[in-house]
Amino acid sequence: MASIEIEAINKVYPNGYHAVHDLSLTVADGEFMVLVGPSGCGKTTALRMVAGLEEISSGSVRIGDTDVTVLPPKDRDIAMVFQNYALYPHMTVAQNIGFALSLRRLPKAEIDQKVRRAAEILGLTEWLDRKPAQLSGGQRQRVAMGRAIVREPAVFLMDEPLSNLDAKLRVQMRAEVSRIQRRLGVATMYVTHDQTEAMTMGDRVAVVNAGVLQQCDCPQVLYDSPNNLFVAGFMGSPAMNLYEAALGADLTSLRLGSQTVALPAVVSAERPGLRAYVDRKVVVGIRPEDLAVAVNGEADGQVLSVDIELVEALGSELLLHFAIDARRVRASGVDEEQEIGEAAGAGVARAEPRVQVKQSERVRLAVHAEGMYFFDPSTGLAIGS
């Protein structure tokens, strides 16, 4: 078993494109580290640099006690699981899992033992004599993982291994991959563009944008304490609502478009840095779960009047898509699929499933002001102490 230490690695292509900028990360022995970010952000390039499939322009990579920066992939003691299963269709599951061991000319009895152990871990024992065409997508991905497990590598590298599966199977396989990784206790780097996948699987999550590491921490810290606009807008589904706003002179109010929301004293007490933004513009972030339909004059002073544009009934909850006259702020680099809508002032709130709200209706949303986030509009950095 071993750790992965990445020290200030860069990737610059011959055409001058700088794909990865001074990335430094440490993946502890047994840790599950997820690299997440939008398509084209450099996360897969970084993984391939660790694997030796991409040349490192500068910086270094260590696996355990060995500097592997210039070593070929075969000498790095790694196993990779790709988005494409790449199984041999003419081979059985057992033959596919044990193929790398056969190339090393290990004794047949030893190969059989390792294959059966991997199959037990993956729940594939009864499928060992099947061909890939007879398996489901999830079973094929488990075979691909079995191929990696039997090699008993120092570290695992996984590049979006679940992206080809349907939504329901992805949820099941997230739990399976996490269970297997914890049972094996091998340091793992896992790349995905799906922030829900990152939040549910990673011991720690490294958020990457435009080749730059934005923040690396445990999932709940990233969600509760994003250090910039990008992390705030990327982590969470539906995404955080981000608007241009202005703080009142005494830090007891916030102006959002034509509306004013009262701020309790705890907001300024917990964020003394806000004093420097009195009578200045800020970016305010409000999570969908911090907005609720107000009834019978509830939460006077901490409400927003909004126009409901769409109601999504999900069974366990409603998603209320709304519009207000505040200027919406985009978290630069976030995929369109992460955006809540294209209209200025668009937003989303969560509601109980039996709340009576209709499309085109104007409603009052109570704001949990203590849960607001504040960012500098110029730097995008969180405003705190």
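Thresholds applied
Residues numbered from 1 in each chain as written. Predicted model: local features only at pLDDT ≥ 70, side-chain atom pairs only at ≥ 80, totals over all residues. Heavy atoms only, no water. Buried < 20%, exposed > 50% of the residue type's maximum accessible area, 1.4 Å probe, protein only. Helix = DSSP H or I, 4+ residues; strand = E, 2+ residues; numbered from the N terminus. Pairing = 2+ DSSP bridges. Right-handed = clockwise from strand over helix to strand, strands pointing away. Axes fitted to C-alpha atoms, helices over the stretch in contact; angles between N-to-C directions. Contact = heavy atoms within 4.5 Å. 1 Å grid on protein atoms, 1.4 Å probe; cavity = no way out; pocket = protein on both sides within 12 Å on 5 of 7 lines; lining within 4 Å. Points joined across faces, edges and corners; volume = space filled by probe spheres on them. Nonpolar A, V, L, I, M, F, W, Y, C, P; charged D, E, K, R; others polar.

A.B. asks: Just checking my understanding: could you explain the pairing of strand β8 (residues 187-192) for this structure?
C.D. replies: Two faces, one strand: in a regular strand the side chains alternate between the faces of the sheet. Most of β8 is tucked away: 6 of the 6 residues are buried. Covered by surrounding structure in β8 are Ala-187, Met-189 and Val-191 together with Thr-188, Tyr-190 and Thr-192, the residues of both alternating faces. By the bridge criterion, 5 bridges tie strand β3 (residues 32-36) to β8 in an arrangement that is parallel. By the bridge assignment, Leu-35 is partnered in β8 with Val-191. As judged from the 5 bridges shared by strand β7 (residues 155-159) and β8, these two strands associate in the parallel manner. The residue bridging Val-155 from the neighbouring strand is Ala-187, located in β8. Chirality of the crossover, the property in question, places the unit of β7, helix α6 (residues 167-184) and β8 among those that are right-handed.

A.B. asks: Explanation requested: helix α1 (residues 43-51) in the structure shown.
C.D. replies: Residues spaced three or four apart along an α-helix point in a common direction, a consequence of the helix completing one turn every 3.6 residues. With respect to burial, α1 is a largely interior element, 7 of its 9 residues being buried. Downstream of α1 by a residue or two, Gly-52 has a phi angle that is positive, lying close to 90 degrees.

A.B. asks: Help me understand the sheet that holds strand β10 (residues 212-217), please; the structure alone is not making it clear to me.
C.D. replies: The strands making up a sheet associate through backbone hydrogen bonding, with each pair oriented either parallel or antiparallel. Spatial strand order, β6-β7-β8-β3-β9-β10: 6 strands in an open sheet with mixed pairing. Taken across any chain shown, the strands that pair with only one partner, and hence form the sheet edges, are β6 (78-81) and β10. Pairwise comparison of adjacent strand axes, ignoring direction, gives a mean angle of 20 degrees for this sheet. For β6 and β7, the ladder comprises 4 bridges, and the chain directions are parallel. When the bridges of β7 are listed, Met-80 appears paired with Leu-157. Where helix α5 (residues 137-149) meets the sheet, it contacts β6 and β7, and its direction lies at approximately 175 degrees from that of β6.

A.B. asks: I'm lost on the layout of surface pockets in this one. Help?
C.D. replies: Here the idea is plain: a probe the size of a water molecule rolls over the atoms and shows the empty space left. If you add up the space inside the largest pocket, you get close to 460 Å³. For the largest pocket, the lining is made up of 20 residues, of which Ala-79, Met-80, Phe-82, Arg-147 and Arg-151 are closest to its centre. Elements supplying a minimum of two residues to the lining of the largest pocket: β6, α3 (99-103) and α5. Per-class residue counts for the lining of the largest pocket are 16 nonpolar, 1 polar and 3 charged.

A.B. asks: Would you take a moment to explain the environment of Ala-313 for this structure?
C.D. replies: Considering the arrangement of structural elements, one finds Ala-313 in strand β16 (residues 303-313). Residues Ala-313 and Met-49 lie 264 residues apart in sequence; the distance between their C-alpha atoms is 44 Å.

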